[in-house]
Amino acid sequence: MPAHETFYEVMRRHGVTRRSFLKFCSLTAAGLGLGPEFAGKIAHALETKPRTPVVWLHGLECTCCTESFIRSGNPLAGDVILSMISLDYDDTIMAAAGHQAEEILEQTIEKYDGQFILACEGNPPLNEDGMYCIQAGRPYVEKLRHMADHCKAIIAWGSCASWGCVQAARPNPTQAVPIHKVILDKPIVKVPGCPPIAEVMTGVITYMLAFDRLPPLDRQGRPAMFYGQRLHDKCYRRPHFDAGQFVEKFDDEGARKGYCLYKVGCKGPTTYNACSTVEWNGGLSWPVKSGHGCLGCAEDNFWDKGSFYSPVTNLGVTGNVESTANTIGGAIAGAAAIGVAAHAVASGIAKASGKKSKPTEEVSNG
Amino acid sequence: MATSRVATGNDGYTGNVYVFEVPVRVWHWIHALAITALAITGYLIANPLTSVSGEASDSFLMGNIRLIHFSAAMVFAVGLFVRFYWAIVGNRYAKGLLIVPVWRGQYWSRLWHEVLMYSFLTRKVAKYRGHNPLAQLAMWLFNVVLALFMVCTGFALYSQGTGAGSWADRWFGWVFVIEPSSQAVRMWHLLGMWLMVFFIIIHIYMVIRAEFMSRQNGTSVMIDGIRRFKDDGPRDPQ
């Protein structure tokens, strides 16, 4: 393909009409929380800018990010985005295979050195020199480092690439680590979630391609427009939380009435994601809407933080013992109470015996 | 300083001595009330009460519990910093909260004596105008270190509600750089509450015990600020 080809030309070549293209630009601008004037800016950028290639690597993962991505709620957005990125490299959805596929990587580096975006799904295991994830005869971590050396920026798709996720859960035998522990010299956008929401993924990638820069990130490196608030902040069951109306058990009256799921372990109050606003599967539903608490899948270490069904969870300080702040704290306070009572009794005895023996002691001390 | 006087002397360790100034005493009771409110509401935030029935719009129970928690937290934090200010400008008993004289050998020998005394390994009791060295260390650990930990984690959690860019986020958002999991920060904050309860149980016991077992008064010193010595003997253990 000629190097000067624009996004718009690629889309048209893939049968996307101009009407669909403009609709997509408006939808994306709205999805990113940008003003109406940005629809035109996105359209202009995509019409005039040369296409930025995206290489999509897979490490240790379950492919749920890709599955989510290709099910982008708005089929229009999905088609457009797919035509933007599928042309280069993505193990799951590209036509090429074997040596042919691996050649694409080298070609991309040759043509677009320092220009392309590296989207990473899954993470590299480091134990045994990375032998737990082999691709094309090489450890994945080598492939990742090689591609990262030549890319412009990295998108860390999902909780695996962002935080480590299930394969990095204790005791982490393969020593799987998130991307930012391996690649230190490139900008990384974390898009956590297991998987991330499709619209969030397409929104992030469009922003980066259209504006040629990283979206505004929060302190932890997540796009602020999608991870700026907790599920709890925009949850439609929030009024029940404030009122003190909770589901106590999954089959009780409160569950039928749609009360707040906090007491049965909903992690909405500690989870940053867009589920409560964007929802899933094209706005069909999301965990809380279907009556189950949030697991907190977009949060660091969620897999090692104890029960999904209790608001008070494991502290993760005592190895494999499931101990929560309340059990440890209660034991500390209880020990203090028992200790104090015992000390009081001992003090009383000491004082009583001290009175009797005091004269002799004074003598002995001269 | 009086502590550098002849060790066997009893200068300043007889009769009544004014030790705790008004700001220290006022802070103590505000601090105590704030902690009580914070611990109760904090426990109820982690372990909510049984559900309220009726329409959600008719009730604001959890909202009010959180409102009390946040209000008490403001009082706790502001009080703490006013108290720190008073540790700078106040008398030397006020300074003791912030500055534990760990560089002085005498501090450690007196601390060791307190440990022995509370372990019933010696019957000798020393006199103190302010805190004894062990009490002073506990004050520093729980009302400076732990209190600041609770302020930082607490306002960091508060910033999740006030949102990115808010003052709480700008001042305390760094907590989530150290511990990215906000669920973990919540649990550490909750454990901190239990440590405070641990301190309070021992603190109250020690004060009441001092009333009977020590050579000076225990409870009333935090009411009128006056240390009353029970005997005219030397300050050193006997």
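Rules of the game
- Residues numbered from 1 in each chain as written.
- Chains lettered and ligands numbered in written order.
- Predicted model: local features only at pLDDT ≥ 70, side-chain atom pairs only at ≥ 80, totals over all residues.
- Heavy atoms only, no water.
- Pairing = 2+ DSSP bridges.
- Helix = DSSP H or I, 4+ residues; strand = E, 2+ residues; numbered from the N terminus.
- Contact = heavy atoms within 4.5 Å.
- Axes fitted to C-alpha atoms, helices over the stretch in contact; angles between N-to-C directions.
- Parallel < 35°, antiparallel > 145°, perpendicular 65-115°, else oblique.
- Left-handed = near helix turned anticlockwise from the far one by under 90°.
- Nonpolar A, V, L, I, M, F, W, Y, C, P; charged D, E, K, R; others polar.
- Expected span 1.5 Å × (residues − 1).
- Domains from an automatic or database assignment.
- Buried area = accessible area lost by both parts, 1.4 Å probe.
- Salt bridge = Lys/Arg side-chain N within 4 Å of Asp/Glu carboxyl O.
- Buried < 20%, exposed > 50% of the residue type's maximum accessible area, 1.4 Å probe, protein only.
- Lys, Arg positive; Asp, Glu negative; His and termini not counted.
- Core = buried A, V, L, I, M, F, W, Y, C linked by side-chain atoms within 4.5 Å.
- Disulfide = S-S within 2.5 Å.

A word on the sheet that holds strand E3 (residues 117-121) of chain A
Within a sheet, neighbouring strands are paired by backbone hydrogen bonds and run either parallel or antiparallel to one another.
Residues and elements named next belong to chain A.
Moving on, step 1. Spatially, E2-E1-E3-E6-E7 is the arrangement adopted by the five strands of the open sheet, whose pairing is parallel. Since the sheet does not close on itself, it has two edges, and those belong to strand E2 (89-90) and strand E7 (188-191), each with one partner.
Moving on, step 2. Along the sheet, helix H10 (residues 198-211) contacts strand E1 (54-58), E3, strand E6 (153-157) and E7; its crossing angle with E6, the most-contacted strand, is approximately 175 degrees.

Quick look at the packing of helix H6 (residues 98-112) of chain A against helix H8 (residues 140-150) of chain A
The relative placement of two packed helices comes down to the angle between their axes together with the axis-to-axis distance.
All names here are of chain A.
Moving on, step 1. Where H6 meets H8, the axes come as close as 10 Å, and the angle between the chain directions of the two elements is 25 degrees. Between H6 and H8, the angle is such that the two are roughly parallel. For the element pair H6 and H8, the recorded crossing hand is left-handed. On H8, the residues touching Glu102, Leu105, Glu106, Ile109 and Tyr112 of H6 are Lys143, His146, Met147 and His150.
Moving on, step 2. Class assignment of the residues belonging to the contact of H6 with H8 gives a composition of four nonpolar, two polar and three charged.

Section: H10(A)
Moving on, step 1. With 14 residues, H10(A) extends 20 Å between its outermost C-alpha atoms, agreeing within 8% with the 20 Å of an ideal straight helix rising 1.5 Å per residue.
Moving on, step 2. Count one or two residues on from H10(A) and you reach Asp212(A), which has phi positive near 60 degrees.

Concerning the domain arrangement of chain A
Residue and element names in this part refer to chain A.
Moving on, step 1. Split by domain assignment, chain A resolves into domain 1 (7-227) and domain 2 (231-304).
Moving on, step 2. Centre-to-centre, using C-alpha coordinates, domain 1 lies 28 Å away from domain 2.
Moving on, step 3. The partner domain 2 presents 15 residues to the 21 residues of domain 1 that form the contact.
Moving on, step 4. Counting the surface lost from both domain 1 and domain 2, the interface buries some 1,500 Å², and carbon and sulfur atoms represent 63% of this.
Moving on, step 5. When the buried area of domain 1 at its contact with domain 2 is split by residue, Trp163, Ile197 and Tyr227 rank highest and sum to 36% of it.
Moving on, step 6. Remark: the boundary between domain 1 and domain 2 carries one salt bridge.
Moving on, step 7. Its salt-bridge partner being glutamate 299, residue arginine 222 comes within 3.4 Å of it at the nearest N-O pair.
Moving on, step 8. Put simply, the parts of the chain that give the side of domain 1 that touches domain 2 at least two residues each are H10 and helix H11 (224-227).
Moving on, step 9. Broken down by class, the residue content of the side of domain 1 that touches domain 2 amounts to 13 nonpolar, five polar and three charged.

Overview of the environment of Val144(B)
Residues and elements named next belong to chain B.
Moving on, step 1. By secondary structure assignment, the location of valine 144 is in helix H5 (residues 133-162).
Moving on, step 2. Sequence separation between valine 144 and glutamate 211 is 67 residues; the distance between their C-alpha atoms is 25 Å.
Moving on, step 3. Look past the residues within four positions of valine 144 in its chain and what remains in contact with it is Phe84, Leu97, Leu98 and Met139.

Overview of the side chain of Arg66(B)
Moving on, step 1. Along the chain, the position of Arg66(B) falls in helix H2 (residues 61-89).
Moving on, step 2. In this structure Arg66(B) is buried but unpaired, with Asp242(A) as the nearest side chain of opposite charge at 4.1 Å.
Moving on, step 3. In contact with Arg66(B), other than residues within four places in its own chain, are Arg238(A), Phe241(A), Asp242(A) and Ile45(B).

Regarding unusual backbone geometry
Residues and elements named next belong to chain A.
Moving on, step 1. Of the consecutive residues arginine 170 and proline 171, the connecting peptide bond is found in the cis state with omega at 0 degrees.
Moving on, step 2. In this model, cysteine 194 is joined to proline 195 through a cis peptide bond whose omega is -5 degrees.
Moving on, step 3. With respect to the helices, strands and loops of the structure, proline 195 is situated in the loop between E7 and H10.
Moving on, step 4. Positive phi outside glycine occurs at asparagine 172, with the angle close to 50 degrees.
Moving on, step 5. A positive phi is found at aspartate 212, a non-glycine position, where the angle reads about 60 degrees.
Moving on, step 6. Inspection of the secondary structure assignment puts aspartate 212 in the loop between H10 and H11.
Moving on, step 7. Exposure remark for aspartate 212: the relative accessible area of 41% places this residue in the partly exposed category.

Let's talk about the nonpolar core
Moving on, step 1. If you look at the biggest cluster of nonpolar residues, it comprises 53 residues, and the most contacted ones within it are Phe21(A), Leu46(A), Ile155(A), Trp157(A), Val191(A) and Val200(A).
Moving on, step 2. Residues lining this core come from more than one domain, with at least three contributed by each of domain 1 (7-227) and domain 2 (231-304) of chain A.
Moving on, step 3. Apart from residues no more than four positions distant in its own chain, Val191(A) is found in contact with Ile155(A), Ala156(A), Trp157(A), Gly158(A), Ser162(A), Pro196(A), Val200(A), Val204(A), Pro223(A) and Tyr227(A).
Moving on, step 4. In this structure, Val144(B), Ala147(B), Leu190(B) and Trp194(B) belong to the second largest nonpolar core, which totals 39 residues.

Digging into the pattern of salt bridges
Moving on, step 1. Tallied over the full model, the rule gives 15 salt bridges over all chains.
Moving on, step 2. Glu102(A) serves as the salt-bridge partner of Lys143(A), at 3.8 Å between the closest nitrogen and oxygen. A residue pair is termed long-range when its members are at least 10 positions apart, and Lys143(A) in helix H8 and Glu102(A) in helix H6 qualify at 41 residues.
Moving on, step 3. Glu102(A) gets classed as partly exposed once you look at its relative accessible area, which sits at 23%.
Moving on, step 4. Of the charged contacts, one joins Asp169(B) and Arg219(A) as a salt bridge, the two residues approaching to 3.0 Å between their closest N and O atoms.

So, the state of the cysteines
Covalently bonding the sulfur atom of one cysteine to the sulfur atom of another cysteine gives a disulfide.
Moving on, step 1. Using the criterion set out here, one finds zero disulfides over all chains in the structure.
Moving on, step 2. Between Cys165(A), a free cysteine, and Cys194(A), which holds the nearest cysteine sulfur, the sulfur-to-sulfur gap is 4.0 Å.

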